[in-house]
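Examining the three-dimensional arrangement
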Amino acid sequence: MASELRLTAKLALQREASEPSFSLDVSLDFGPGLSVLFGPSGSGKTTILSALAGLLRPDSGHVALGGQMLFDGAAGVDLPPNERRIALVFQSLALFPHLDALGNVAYGAPRELSKVERALRAASWLSRMRVEHLARRYPNSFSGGEAQRVALARALASEPRALLLDEPFSSLDQSLARELSAEIAEYVSTLSLPVVLVTHDRAVARELECGLTLLRGGRVENVS
Amino acid sequence: MIDLEPLFLSFEVATLATCLATALGVAIAGALAEGRVWGRELIDASITAPMVLPPTVLGYYLLVLLGRESVIGHGFEALFGAPIVFSRGGAVLAATLGALPLITKAARAALEAVDMRLVGAARTLGASRLRAFFSVSLPLARRGISAGIMLGFARALGDFGVTLMVAGNIPGQTRTASLAIFDAVLSGRDADATRLSLIMTALAMTVLIGASYLTRQRRDGF
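Thresholds, definitions, all that
Residues numbered from 1 in each chain as written. Chains lettered and ligands numbered in written order. Predicted model: local features only at pLDDT ≥ 70, side-chain atom pairs only at ≥ 80, totals over all residues. Helix = DSSP H or I, 4+ residues; strand = E, 2+ residues; numbered from the N terminus. Rg over C-alpha atoms; globule rule 2.2 N^0.38 Å. Buried ≥ 20, exposed ≤ 12 C-beta atoms within 10 Å, placed from the backbone. Contact = placed C-beta atoms within 7 Å. Domains from an automatic or database assignment. Nonpolar A, V, L, I, M, F, W, Y, C, P; charged D, E, K, R; others polar. pLDDT = per-residue confidence, 0-100. Pairing = 2+ DSSP bridges.

Attention shifts here to the overall build of chain A. Regarding its fold elements, chain A presents six helices and eleven strands. For chain A, the C-alpha radius of gyration of 17 Å lies close to 17 Å, the compact-globule estimate for 224 residues. For the C-alpha atoms alone, the extent of chain A along its principal axes is close to 45 × 40 × 40 Å. For chain A, the residues scored as buried account for 43% of the 224 residues in total. Restricting the contact set of chain A to residue pairs at least 6 apart, pairs at least 24 apart contribute 69%.

See below:
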């Protein structure tokens, strides 16, 4: 694609039934490379990621990636998550407990590849994330950092056109979080796709030198 | 020597019925757990109803639905040259009706207990709804579903009332163990009744213990 891969969205959502009631109304524009979405808990960060990935349907607005409309409330366009090619690394990581690391990473590898090719692809992602020794082990035996790396490998192996990371370091101790965040920032800078990292941690947000969108109470407060 | 034919017949009927009820029950449970089905509680209630309705009522419904004068019964007879009712097929359907609620309920509970984030993760990794169901939801719910299948099998093995109404009491065709016990008691063959009853009880106990073992197992054993 000639045009650069941008992820843009306008999302509006009302949840009056929830207590306290919550409303979201944001315009977002993420270019290739790392962007940080920063805000206190309850500001709507996870809701935004879910809407971008297609797991949650906003009341109105649109989501577009590289010129392709993924969601358009007015036009009735709503691509299912499996057709959006937006990988989401959940805060809980959501590794499949019944698959080993290799199986987890191979799960999202392109279906047109043969089973062997998918496994090879998965193995190479595991080694790129420096966790190849986990290939035949199951998620319940991973440390926090290992699980994080496997989850990242799984997301990237699906060859996404955008990558969303929900609080990727929240379960790690500080030194490990710093090490991994530096590594991810460096790695992501080599990718030509939008990577949106969500955090409520001011230190993480400050450390990553990149565009920062500040979110508060479901509204964008500041973009820098 | 005790006549083992009714026992073997019971096994055959219950096995077929359990297969049918599993395919149907898991599919229905999957749709119900998905949560976007219209009238899901009505569907759930009508599948549970066989657990509380008198067997005569269920048997009567099945007779009306599948009898030789009904559309289904007529079509079946035209196709296969024999009626469903008062045949082994009728006995299988009667047992299926008993097993279905147990399997559906267990499968729904097990599927609803699967972490939705795992299903969401599968979807964002490119899995269709169906692939996510078969590759994530189903394997993670397999213990609960297996327990339901075992209970369903035990229930199918012991069906009496509906089988008698729909399939009759034909030796070698529909006279399952529970019907044979009924026969034995009526004709004063107490020793036969006792033996068959003890065997049925042992079978049921074995299945129940197996099922509770499955449900009590910790889920981190993957």
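This paragraph deals with the domain arrangement of chain A. Residues and elements named next belong to chain A. When the domains of chain A are assigned, the result is domain 1 (1-85 + 161-224) and domain 2 (99-159). Placing the centre of domain 1 and that of domain 2 at their C-alpha centroids yields a distance of 23 Å. When grouped by side-chain class, the residues that make up the side of domain 1 that touches domain 2 number five nonpolar, one polar and no charged.

Turning our attention to helix α1 (residues 45-53) of chain A. Residue and element names in this part refer to chain A. Of all the nine residues making up α1, eight are buried; the element is thus mostly covered by neighbouring parts of the structure. Residues Lys45, Thr47, Ile48, Leu49, Ser50, Ala51, Leu52 and Ala53 constitute the buried set of α1. One or two positions beyond α1, positive phi appears at Gly54, with a value near 95°.

Here the focus is the confidence of the model for chain B. With 96% of its residues at a pLDDT of 70 or more, chain B has an overall mean of 91. Here the predicted complex carries an ipTM of 0.91, next to a pTM of 0.87.

Here we take up the interface of chain B and chain A. In this complex, chain B contributes 15 residues to the contact, which on the side of chain A involves 20 residues. Among the secondary structure elements, those contributing two or more residues to the side of chain B that touches chain A are α6 (116-124) and α7 (129-140) of chain B. Broken down by element, the side of chain B that touches chain A gets its largest block of residues, six residues, from α6 of chain B. Considering only residue class, the side of chain B that touches chain A consists of eight nonpolar, four polar and three charged.

Right, let's get into the pairing of strand β4 (residues 60-65) of chain A. All names here are of chain A. Only one face of β4 is covered, namely the face carrying Gly61, Val63 and Leu65; the face carrying Ser60, His62 and Ala64 is uncovered. With six bridges connecting them, strand β1 (residues 7-15) and β4 associate as antiparallel partners. The residue bridging Leu7 from the neighbouring strand is Leu65, located in β4. Pairing geometry for β4 and strand β5 (residues 68-72), over four bridges, is antiparallel. The residue of β5 that forms the bridge with His62 is Asp72. Between β4 and β5, which pair antiparallel one after the other, the connecting turn spans two residues, and Gly66 there sits at a positive phi close to 55°.

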